[in-house]
Amino acid sequence: MTIDFHTHVFPDKIAEKTIQYLSGKGGIPPFSDGSVSGLLKNAKDSGVDLCITLPVLTNPDSFESVNRFAAGINESYPNKLISFGGIHPRCDDIDGKMKLIKSMGFKSARTHDWALINANQHVCDYHQMFPLIHLDAKDPKNYVFKPTDYLLKRCREEAGLDIFFRLGASIEHSGPKVHFNTLIPEDFDKVAEVFAGTVRHYNKGWGEGYKWNIKYWEIWNEPDGINNMWCLPDGDLGVGNSPEEIAKDRKARDIKRRDIFVKFFVTCLKRLKSEF
């Protein structure tokens, strides 16, 4: 079975406008028109059997409408689409919202971008849980797990949600040439070891951790994003003295980033296999 585990869909009346906005914001060209029917067609044409859809809550007032739409997807397309629910960080009565999420039948919580909505906390991102990258990644004392433990435990116990853990970094909208957390890592083996330590903590009880048997682990997120997720030191956009030169340089940078990510992904995958 082929699964696309990161897609977005929207109600037909706002799909086109919303997908254009998100595409511009994220620097990633869309592969469909943002509608459910568009995603299903794209999945069929691409040989994808199942799509995971991830809601986008841009404000707390959209909680009910977004989650009703997401729950409707699960009811209408049980063998083709699985939608997660969503909570905006400024929603009131978070405890009540989590109970409502559970009552609507959602199954999992994905950890991508959680560091952005938990200000000043060492949450989920590898550089937050292992802030001093020069230290020994095989020593649990060098990790900061407690803030992430707290969030995941609430999701599991209060909302009854399984965890879909994104290993890597949250998106970084800091400009075309100013990046801190989403720069391509210098030491792939070290980052892979940090990822392995994270898996051990939550699945094997390592470092005063848990034995939750989390099944779904994602290595990084959207490395094809431009200047926000998998960034070259001098930026991802092309440079040159003419549109043709700029386009050629941009293509070369895209190929370079892709090839580097493949090496990173393989390094991480080889290291993580021994943890399962």
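On a predicted model such as this, the values are computed, not experimentally measured, just so you know. (Residues numbered from 1 in each chain as written. Predicted model: local features only at pLDDT ≥ 70, side-chain atom pairs only at ≥ 80, totals over all residues. Heavy atoms only, no water.)

Novice: Honestly, helix H8 (residues 243-273) in this entry has me stumped. Any pointers?
Specialist: The periodicity of an α-helix, 3.6 residues per turn, causes residues three or four places apart in sequence to face the same way. Spanning 31 residues, H8 covers 44 Å between terminal C-alpha atoms, matching the ideal 45 Å at 1.5 Å per step. Listing the buried residues of H8 in full gives Arg253, Arg257, Phe261, Phe264, Cys268 and Leu272. The elements touched by buried residues of H8 are strand S5 (162-167), helix H7 (188-204) and strand S6 (216-219). (Helix = DSSP H or I, 4+ residues; strand = E, 2+ residues; numbered from the N terminus. Expected span 1.5 Å × (residues − 1). Buried < 20%, exposed > 50% of the residue type's maximum accessible area, 1.4 Å probe, protein only. Contact = heavy atoms within 4.5 Å.)

Novice: Is there a simple way to think about the nonpolar core in this case?
Specialist: One recurring pattern in soluble globular proteins: nonpolar side chains tend to sit buried together. Core analysis: the biggest nonpolar cluster contains 51 residues, and Trp114, Phe165, Phe195, Tyr202, Trp220 and Phe264 have the highest contact counts within it. Of all the elements in the fold, those that place two or more residues in this core are helix H3 (63-76), helix H4 (94-103), helix H5 (126-129), helix H6 (146-158), S5, H7, S6 and H8. Sorting elements by how many residues they give to this core places H7 first, with eight residues. Every residue in contact with Trp114, bar those within four places of it in the chain, is listed here: Ala109, Val123, Cys124, Leu151, Leu152, Cys155 and Ser170. Counting residues in each nonpolar core, the second largest holds eight residues, with Leu39, Val48, Cys51 and Ile73 among its members. (Core = buried A, V, L, I, M, F, W, Y, C linked by side-chain atoms within 4.5 Å.)

Novice: Looking at this model, I keep getting lost on the pattern of salt bridges. Mind explaining?
Specialist: Two side chains of opposite charge can pair, provided their charged atoms sit close to one another. Within the structure shown, the criterion is met by 19 salt bridges. Here Asp234 ties to Arg253 by a salt bridge, and the two come within 3.3 Å at their closest N and O atoms. Taken together, the residues span a long stretch of sequence, with Asp234 in the loop between S6 and H8 and Arg253 in helix H8 at a distance of 19 residues. Among the residues examined, Arg253 registers a relative accessible area of 10% and is labelled buried. (Salt bridge = Lys/Arg side-chain N within 4 Å of Asp/Glu carboxyl O.)

Novice: Where do I start with the environment of Trp212 in this structure?
Specialist: Here Trp212 shows up in the loop between H7 and S6. Among the residues examined, Trp212 registers a relative accessible area of 14% and is labelled buried. If sequence neighbours within four positions are ignored, Trp212 has contacts with Asp149, Leu152, Lys153, Arg156, Tyr202 and Asn203.

Novice: It is not clear to me how a nonpolar patch on the surface should be interpreted in this structure. Could you clarify?
Specialist: On the surface, a cluster of nonpolar side chains totalling about 290 Å² of accessible area is made up of Val262, Phe265, Val266 and Leu269. With respect to the secondary-structure elements, Val266 resides in helix H8. Residue class for Val266 comes out partly exposed when judged on its relative accessible area of 35%. (Patch = residues over 30% accessible without salt bridge, like charges linked within 9 Å, V, L, I, M, F, W, Y side chains within 5 Å. Areas by Shrake-Rupley, 256 points an atom, 1.4 Å probe, with all protein chains shown as cover.)

Novice: Where do I start with the sheet that holds S6 in this structure?
Specialist: Strand pairing in a sheet is mediated by backbone hydrogen bonds. Such pairs are either parallel or antiparallel. Taken together, three strands build an open sheet; the order of strands is S4-S5-S6 and the sheet is parallel. Bordering the open sheet on either side are strand S4 (108-110) and S6, each of which pairs with just one other strand. When strand polarity is set aside, the average angle formed by the axes of neighbouring strands in this sheet is 20°. Pairing geometry for S5 and S6, over four bridges, is parallel. Pairing of Phe165 across the sheet is with Trp217, part of S6. Along the sheet face, H8 touches S5 and S6 and points at about 150° away from the line of S6. (Pairing = 2+ DSSP bridges. Axes fitted to C-alpha atoms, helices over the stretch in contact; angles between N-to-C directions.)

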